[in-house]
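Structural overview
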Amino acid sequence: MTPILVQHSITLTIGRNSLIRRAVNDIEDLVKAASEHGFVQPQIVPVPDEFGPEMPRVIFSSQAGYTQLLISQISVTFIANYSEDWASDPERCLSYLSSKVDLLFDIARVGWRKTAGPSFAGITTVLRIPAPNRNLSVEMMLPFFAESMNFSDIAGEVSCRWSRASDDHFFNNISVQTFINVDEGRVSFKNGLPVITDDVIDSCGVEISGDFNDRLAFNSHPEYSTDAACVREMLTKGYVSAQDALRTIRKG
């Protein structure tokens, strides 16, 4: 039951630019210059300018399919989904994501020329601990609960979440839950609806999802704006926080 780092992301949140699609050519130049293996032609999403500022307007997908760059009217997000060989090497993953920080700030400067800079940023870190069956997945969650809540023999799914302030600057949010992946090729249907039984579960275990962000500083200081050094600090701290949750599981 070796833990693996399956996903990372960085999001810069910026003041709204309803015309962000007009900057797509300049943004594409930055992405091409900073991409080692290249991204395919960006997808321009036909969402009306007045709708949902958080909805992506421009999507870049990597040639290999593991990473995406999402650009909305208020944010830039880089998402990395790691292959098996990468997922077992967290230092490599951390270094890779850190190497993308400057690109995101460059995109923010090009796409939001009239904005002082990103308001705040967030890092998501997703770890998974595989388990041989769903019962053991639930048992791994028990250290997060009191002994009187020992429900390993009756529960099929378990989750918990907490949020902490860190250094009067960051919010540190952690979610821990059981997960299953289904083999779609073996799923049967009844009345047009999928029937999920144990024999169609391809993998299962516990997932730790961390959200480490500096919105606390943004909320507290009127002139606050995040920077690249802070994002890299959050990248490290977010991974350490997810590891702390992992240690709780291992104590069980």
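Residues numbered from 1 in each chain as written. Predicted model: local features only at pLDDT ≥ 70, side-chain atom pairs only at ≥ 80, totals over all residues. Heavy atoms only, no water.

With respect to the overall build of the protein
Secondary structure assignment for the protein yields 7 helices and 11 strands. The buried share among the 252 residues of the protein stands at 46%. When contacts within the protein are restricted to residue pairs at least 6 apart in sequence, long-range pairs at least 24 apart make up 66% of them. For the protein, the computed accessible surface area is about 13,500 Å², with 49% contributed by carbon and sulfur atoms. (Helix = DSSP H or I, 4+ residues; strand = E, 2+ residues; numbered from the N terminus. Buried < 20%, exposed > 50% of the residue type's maximum accessible area, 1.4 Å probe, protein only. Contact = heavy atoms within 4.5 Å. Areas by Shrake-Rupley, 256 points an atom, 1.4 Å probe, with all protein chains shown as cover.)

Section: the pattern of salt bridges
Under the defined criterion, the tally for this structure stands at 12 salt bridges. Between Arg-113 and Asp-26 there is a salt bridge, and its shortest N-O distance comes to 3.2 Å. In this pair, Arg-113 is assigned in the loop between helix 4 (101–111) and strand 6 (120–131) and Asp-26 in helix 1 (residues 24–34), connecting sequence segments 87 residues apart. By relative accessible area, Asp-26 is classed as partly exposed at 35%. A salt bridge links Arg-128 to Glu-207; the nearest nitrogen and oxygen atoms lie 2.7 Å apart. Here Glu-207 lies in strand 11 (residues 201–213) and Arg-128 lies in strand 6, a separation of 79 residues in the sequence. Of the residues examined, Glu-207 reaches a relative accessible area of 14% and is grouped as buried. A cluster of three or more residues bridged by salt bridges with shared partners is formed by Arg-134, Glu-157 and Asp-198. (Salt bridge = Lys/Arg side-chain N within 4 Å of Asp/Glu carboxyl O.)

Section: the environment of Ile-180
As for its position among the elements, Ile-180 is in strand 8 (residues 170–182). C-alpha separation for the pair Ile-180 and Gly-205, spaced 25 residues apart in sequence, amounts to 6.8 Å. Among residues more than four places away in sequence, those in contact with Ile-180 are Arg-134, Ile-196, Ile-201, Ser-203 and Cys-204.

Remarks on unusual backbone geometry
In terms of backbone geometry, most residues other than glycine have negative phi values and most peptide bonds are trans. Even without a glycine there, the phi angle at Asp-167 is positive, about 55°. Tracing the backbone shows Asp-167 in the loop between strand 7 (159–166) and strand 8. Accessibility expressed as a relative area gives 54% for Asp-167, which makes it exposed. Despite not being glycine, Asp-168 has its phi angle at roughly 55°, a positive value. Looking at the secondary structure, you find Asp-168 in the loop between strand 7 and strand 8.

Overview of the packing of helix 3 (residues 90–98) against helix 7 (residues 228–251)
One can describe the packing of helix 3 onto helix 7 by two numbers: an axis separation of 10 Å at closest approach and a directional angle of 155°. In this view, helix 3 runs roughly antiparallel relative to helix 7, as classed from their interaxial angle. Pair helix 3 / helix 7 crosses with right-handed handedness. Only Arg-232, Leu-235 and Tyr-239 of helix 7 make contact with helix 3, whose side of the interface consists of Pro-90, Leu-94, Leu-97 and Ser-98. Residue composition of the contact of helix 3 with helix 7, by class: 5 nonpolar, 1 polar and 1 charged. (Axes fitted to C-alpha atoms, helices over the stretch in contact; angles between N-to-C directions. Parallel < 35°, antiparallel > 145°, perpendicular 65-115°, else oblique. Left-handed = near helix turned anticlockwise from the far one by under 90°. Nonpolar A, V, L, I, M, F, W, Y, C, P; charged D, E, K, R; others polar.)

Side note on the nonpolar core
Core analysis: the biggest nonpolar cluster contains 58 residues, and Ile-27, Val-176, Ile-208 and Val-231 have the highest contact counts within it. Examining the composition of this core, we find that 10 residues originate from one element, helix 7, more than from any other. What Ile-27 contacts, discounting residues up to four positions off in sequence, is Ile-20, Phe-60, Ile-71, Ile-107 and Val-110. (Core = buried A, V, L, I, M, F, W, Y, C linked by side-chain atoms within 4.5 Å.)

Some details on the environment of Ile-4
Tracing the backbone shows Ile-4 in strand 1 (residues 4–13). For Ile-4, a relative accessible area of 27% puts it in the partly exposed group. Taking the C-alpha atoms as reference points, Ile-4 and Ala-87, 83 residues apart in sequence, are found 5.1 Å from one another. Discounting residues that sit within four places of it in the chain, Ile-4 has contacts with Ala-87, Val-126, Leu-127 and Arg-128.

Topic: the side chain of Ser-119
Here Ser-119 lies in the loop between helix 4 and strand 6. Each residue touching Ser-119, except ones within four places of it in the same chain, is listed here: Thr-13, Ile-14, Gly-15, Phe-218, Tyr-224, Ser-225 and Thr-226.

What to know about the pairing of strand 1
Extensive coverage of strand 1 is indicated by the burial of 7 of its 10 residues. Where strand 1 and strand 6 come together, 9 bridges link them in antiparallel fashion. The partner of Leu-12 across the bridge, within strand 6, is Ala-121. Of the strand pairs in this sheet, strand 1 and strand 5 (residues 75–81) are connected by 7 bridges, and their pairing is antiparallel. Directly across from Thr-11, in strand 5, lies its bridge partner Thr-77. (Pairing = 2+ DSSP bridges.)

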